[in-house]
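Residues per chain are reported as follows:
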Amino acid sequence: QVQLVESGGGLVQPGGSLRLSCAASGSIFSINAMGWYRQAPGKQRELVAAITSGGSTNYADSVKGRFTITRDNAKKTVYLQMNSLKPEDTAVYYCNAEGVCVDYECEDYWGQGTQVTVSL
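Since this is a predicted model, take the numbers as computed values, not measurements. (Residues numbered from 1 in each chain as written. Predicted model: local features only at pLDDT ≥ 70, side-chain atom pairs only at ≥ 80, totals over all residues. Heavy atoms only, no water.)

### Overview of the environment of tryptophan 36
By secondary structure assignment, the location of tryptophan 36 is in strand β4 (residues 30-39). On the basis of relative accessible area, tryptophan 36 is assigned to the buried category, the value being 0%. When the C-alpha positions of tryptophan 36 and serine 21 are compared, they lie 9.9 Å apart, and in sequence the two are 15 residues distant. (Helix = DSSP H or I, 4+ residues; strand = E, 2+ residues; numbered from the N terminus. Buried < 20%, exposed > 50% of the residue type's maximum accessible area, 1.4 Å probe, protein only.)

Written as structure tokens, this is what we have:
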């Protein structure tokens, strides 16, 4: 019943910007933390940014100063503002929600992934 729906990916030129969105749907009581991971072909999935329900954030060193993660608890939505994009940012970006509680059950969920391509 719980789904994470991502949007905002696409093709941009180096130095450009994108804003990713991920909305959780379903009869959700609470979500502990939300974040973004990315995976390039043949590479391991890596954490890009994460944010707790209270607003504490973590960023990968490679994106610090360029990306900003925010969260709207009322809308159950997490955003990733991506500025000064580089070709090495090219990957499939996955939304993650940890501790998604429905009634008395709490589980982790992943979005389907959205492609971000930074290229001329």
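Further notes follow.
### With respect to the environment of cysteine 101
Looking at where cysteine 101 falls in the secondary structure, it is placed in strand β9 (residues 91-102). Take cysteine 101: its relative accessible area is 12%, and that puts it in the buried class. For the pair cysteine 101 and isoleucine 28, spaced 73 residues apart in sequence, the C-alpha separation works out to 5.8 Å. Setting aside anything within four residues of it in sequence, one finds cysteine 101 in contact with Ser27, Ile28, Phe29, Ser30 and Cys106. (Contact = heavy atoms within 4.5 Å.)

### Considering the state of the cysteines
All told, the structure shown has 2 disulfides when counted by the stated rule. A disulfide bridge connects cysteine 22 with cysteine 95, and the sulfur atoms are separated by 2.0 Å. Across the S-S bond of cysteine 22 and cysteine 95 the torsion is about -85 degrees, and the bridge reads as left-handed. With a gap of 73 residues between them, cysteine 22 in strand β3 (residues 18-25) and cysteine 95 in strand β9 connect regions that are remote in the sequence. The same class applies to cysteine 22 as to cysteine 95, namely buried. Disulfide pairing places cysteine 101 opposite cysteine 106 at an S-S distance of 2.0 Å. (Disulfide = S-S within 2.5 Å.)

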